[in-house]
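# Breakdown of the fold
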Amino acid sequence: MAHRLPATLLTALLAGAALTACTASPDAPRMVPITELSAGDCFSSNAEQTVATIAGSCGTPHLYQVLSIAPSELGEDFPGEEALTAEADARCAADFAGLGSDATAGLTALHLVPSEASWAEGDRDLACLVASSDGAELTGSHVPAGS
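Residues numbered from 1 in each chain as written. Predicted model: local features only at pLDDT ≥ 70, side-chain atom pairs only at ≥ 80, totals over all residues. Heavy atoms only, no water.

## Thoughts on the side chain of Ser-132
Residue position: Ser-132 is located in strand E6 (residues 125-132). Look at Ser-132 and you get buried, because its relative accessible area is 11%. There is a polar contact of 2.5 Å between the side chain of Ser-132 and the side chain of Asp-134. Beyond its immediate stretch of four places on either side in the chain, Ser-132 contacts Leu-63, Gly-106, Leu-107, Thr-108 and Leu-138. (Helix = DSSP H or I, 4+ residues; strand = E, 2+ residues; numbered from the N terminus. Buried < 20%, exposed > 50% of the residue type's maximum accessible area, 1.4 Å probe, protein only. Polar contact = N/O pair within 3.5 Å; in protein donor to acceptor, adjacent residues only side chain to side chain. Contact = heavy atoms within 4.5 Å.)

## Considering the confidence of the model for the protein chain
Overall, the predicted model of the protein chain reaches an average pLDDT of 84, with 81% of residues at or above 70. Confidence over residues 1-24 falls short of pLDDT 50; this stretch has two contacts with residues more than four positions distant or in other chains. (pLDDT = per-residue confidence, 0-100.)

## Topic: the packing of aromatic side chains
For the structure on display, the rule yields two aromatic pairs. Look at Phe-43 and Tyr-64: their rings are 5.2 Å apart centre to centre, the planes differ by 35°, and that puts the pair in the tilted class. Taken together, the residues Phe-43 in strand E2 (residues 42-45) and Tyr-64 in strand E4 (residues 64-71) connect sequence positions 21 residues apart. Like Tyr-64, Phe-43 is buried. On the basis of an interplanar angle of 70° and a centroid distance of 5.8 Å, the ring pair of Phe-78 and Trp-119 is categorised as edge-to-face. Of this pair, Phe-78 sits in the loop between E4 and helix H2 (81-97) while Trp-119 sits in helix H4 (residues 116-120), and the two are 41 residues apart along the sequence. Residue classification places Trp-119 among the buried positions, given a relative accessible area of 4%. (Phe/Tyr/Trp six-rings, centres within 6.5 Å; stacked < 30°, edge-to-face > 60°.)

## Quick word on the state of the cysteines
Applying the stated rule across the entire model yields two disulfides. The disulfide that involves Cys-42 links it to Cys-58, with 1.9 Å between the sulfurs. Note on the Cys-42 and Cys-58 pair: the S-S dihedral is about 95°, so by sign convention the disulfide is right-handed. Here the residue Cys-42 occupies a position in strand E2, and Cys-58 occupies one in the loop between strand E3 (51-54) and E4, the gap between them amounting to 16 residues. This pair shows no difference in class: Cys-42 is buried, exactly as Cys-58 is. Residue pairing for Cys-92: its cysteine sulfur links by disulfide to Cys-128, the two sulfurs lying 2.0 Å apart. Disulfide Cys-92-Cys-128: torsion about the S-S bond near -80°, hence left-handed. Highlighted residues: Cys-92 in helix H2 and Cys-128 in strand E6, separated in sequence by 36 residues. For the residue pair Cys-92 and Cys-128, the accessibility class agrees, reading buried in each case. Once the disulfide-bonded cysteines of the protein chain are ranked by sequence position, their pairing pattern turns out to be 1-2, 3-4. (Disulfide = S-S within 2.5 Å.)

This is the structure we're talking about:
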């Protein structure tokens, strides 16, 4: 005697199989808001620097790697882009120098600071990045593990 599955159960099984087949592998790139980056992430970004495409691994070509992320120490009221930039310049220069001259050859330090709009939403993080000095894509990790 043949067994028949109810149509709703069959549909659920087929949908589940399709969803399982579509699940991204852990090494696949993923897109996140730029405010959701973490230290060590290797990524590329859209022109407005609002969305990051995090590489599945740092072995995949990317434009930037996050050296460090820490909250601004300039208080709760938006201090202005100039003040945030000055704070990030000092912090990121120190973090970058801490890598040593051998590790930073061919690299440059960059940073991301909160906009007035993201500050109003609670974003206080200053992100220090490394990038190729000539703008070329990077491959591999360029910051120590746990940075």
